[in-house]
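# Breakdown of the fold
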Amino acid sequence: MATKVKVQETNEELFRQMEEKSLKLMEEFKIQDSTSESRGYIRGAAFKYQVVPVGQPTPDEGALVYTTQPQGCEPEAGMVECILHSSAAKKELVDYPGYPTPIPRAADLTAPCPYRIVEIPSKGLGMVAARDLRFGELIISERPLLISPQISKIDFIKWTNTTTPRQKQEAACFESEKIYKVAFERMDPEAKETYMKLHNSHKHDGSGPLLGVSRTNSYGVFALQGDEYGGVFKDASRINHSCSPNTIRHFDRPSLAMLMVAARPIKEGEEITAHYCDPLAPYAARRKSLKPYGIRCDCPACLDPVKSDKIRYRISCVKDAIPAIIKWAGNPKLPDHLLLGPSLELLELMEAEGLEASKAYEQVLYHLFLIYSALVIRGKSEPSEVRIYQEKWIQLQTMRRRDREDVCAQLMEDTIRVAFAAQQHLGEMKMEEVEPRRD
Ligand SMILES: C[S@@+](CC[C@H](N)C(=O)[O-])C[C@H]1O[C@@H](n2cnc3c(N)ncnc32)[C@H](O)[C@@H]1O
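Predicted model, so just to flag it, every value in this text is computed and none were measured.

Reading the values: rules and limits
Residues numbered from 1 in each chain as written. Predicted model: local features only at pLDDT ≥ 70, side-chain atom pairs only at ≥ 80, totals over all residues. Heavy atoms only, no water. Axes fitted to C-alpha atoms, helices over the stretch in contact; angles between N-to-C directions. Helix = DSSP H or I, 4+ residues; strand = E, 2+ residues; numbered from the N terminus. Parallel < 35°, antiparallel > 145°, perpendicular 65-115°, else oblique. Contact = heavy atoms within 4.5 Å. Nonpolar A, V, L, I, M, F, W, Y, C, P; charged D, E, K, R; others polar. Buried < 20%, exposed > 50% of the residue type's maximum accessible area, 1.4 Å probe, protein only. Domains from an automatic or database assignment. Buried area = accessible area lost by both parts, 1.4 Å probe. Salt bridge = Lys/Arg side-chain N within 4 Å of Asp/Glu carboxyl O. Polar contact = N/O pair within 3.5 Å; in protein donor to acceptor, adjacent residues only side chain to side chain. Pairing = 2+ DSSP bridges.

### As for the packing of helix α3 (residues 165-186) against helix α4 (residues 189-197)
Direction vectors running N to C along α3 and α4 enclose 135 degrees, while the axes themselves pass 8 Å from each other. With respect to their mutual orientation, α3 and α4 come out oblique. Facing Tyr180, Phe184 and Glu185 of α3, the residues of α4 in contact are Lys192, Tyr195 and Met196. Along the lines of polarity and charge, the residues of the contact of α3 with α4 split into 4 nonpolar, no polar and 2 charged.

Right, dumping it as structure tokens:
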């Protein structure tokens, strides 16, 4: 199958320069291609280069598209080089509701930058808090330097009968590097320099330097046409991993920016961390996922896996308890503390384990809000208790940028269901007061 590389650009001059650069690159690739058979595979075809004038539909579906985004919106905040699997993927990207918008910023624009990038012992560079940070405070909002597919589709490679798995891996890395090189050539000199300065933990597995940096520094950003994409960032990619991360991240599609907020209060000088793997997975699984990064994590959970695996397993089992809460709220025979005790204990456990960034934490907060709502109706709690959990849960929804109307609708629906059940309970209690049982 022929590999076609299409380019879409609005700036004609940039377009011309790019074409020139890329043609040079193609020449270089052709030279390298002559060695592909000795690498255990045959390229289906040489790169075919295609320039697609602005505004015209891209003729070939399924071919790679290189595009610089977001066009015409806050270029000073950084332009993103994108490698996309198809023109349909590009259409999905730019047709996103509201796209493109300026990057969301902290409310106080005069506040000093909340972070510093510094050397962290045995971790290379890392990010630390430049001042005390509040729960929910926006730490960074940044556009990536590059967005690329998480998995390359190298289906133009024809394997020979004798190709070994290792040769296949090498060939895939070699071809991917070429794909990255075209995007890299489109970056401005400053972005190129920044990209090449990022850490590369894939120097010895056959990855070329561009692919290596992408594999080391990419955060998942979105899916287009069912394919996952990752982004490499100047500052956000300096954040080191922790199995008890203190940030929550959200990729904001309209502005094409990664937003990271504090999942709990962070003290000045404390390291700002993110998760590279599922923090609720058992120690052995986390260790395996972190191996390609060259990380041997020494966080408290990894230092005492017997204890933390048990706790994390319990937290990973947290499920939607709303039906149980409604049942409890409507049953006068069930004690007040039946669901409250275990939920408070779980929340405490999550905070002690540093898992405030997990979805389970958000879920337990919501359960507590509903339980306290029912207890207020039962006359066993105060509205101020309800507000503590409600406000924190709403803040988490805002941090994850959930649609405000959806959040309100969910809140209303569940509160009404629980309140209705609790009122029924109250009615039954009152009836019992008026007509005491005879037994
Ligand atoms: C995305 S980069 C993070 C920034 C990197 N420390 C740097 O100097 O640019 C990922 C790399 O950082 C290092 N790293 C990240 N988290 C770590 C941790 N918890 N312990 C040790 N090294 C870590 C590993 O070398 C990993 O390959």
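That covers the picture; the talk isn't over yet.
### Some points on unusual backbone geometry
Omega for the bond connecting Gln69 with Pro70 falls within 30 degrees of zero, at -10 degrees, which places this linkage in the cis form. Its location among the elements puts Pro70 in the loop between β4 (64-69) and β5 (80-84). Cis peptide bonds are those with omega within 30 degrees of zero, and the linkage from Tyr99 to Pro100 qualifies with -5 degrees. As for its placement among the helices and strands, Pro100 is situated in the loop between α2 (87-94) and β6 (115-120). A positive phi angle, close to 50 degrees, is found at Gln225, a residue other than glycine. For Gln225, the location among the structural elements is in the loop between β11 (218-224) and β12 (227-232). Given a relative accessible area of 47%, Gln225 falls into the partly exposed group. Look at Leu256: it is not a glycine, yet its phi comes out positive at around 60 degrees.

### Let's talk about the domain arrangement of the protein
What the domain assignment reports for the protein is domain 1 (2-274), domain 2 (283-313) and domain 3 (318-434). On the domain 3 side, the residues contacting the 15 residues of domain 1 number 11 residues. Overall, the association of domain 1 and domain 3 removes approximately 1,100 Å² of surface from exposure, summing both partners, and the carbon and sulfur fraction of that is 67%. The largest contributions to the domain 1 side of the interface with domain 3 come from Phe135, Ile248 and His250, which together make up 49% of the buried area. At the junction of domain 1 and domain 3, the tally comes to 2 salt bridges. Ionic pairing is found between Arg401 and Asp252, a salt bridge with its closest N-O pair at 3.6 Å. Between the two partners, domain 1 and domain 3, sit 5 residue pairs in polar contact (both at pLDDT 80 or more). A breakdown of the residues in the side of domain 1 that touches domain 3 according to their chemical character gives 9 nonpolar, 4 polar and 2 charged.

### Some words on the sheet that holds strand β16 (residues 271-274)
Overall, mixed pairing links the 4 strands, which are arranged β6-β7-β16-β13 in an open sheet. Every interior strand has two partners, whereas the edge strands, β6 and β13 (240-241), have only one. For β6 and strand β7 (residues 124-129), the ladder comprises 6 bridges, and the chain directions are antiparallel. Its bridge partner being in β7, Glu119 is matched across the sheet by Leu125.

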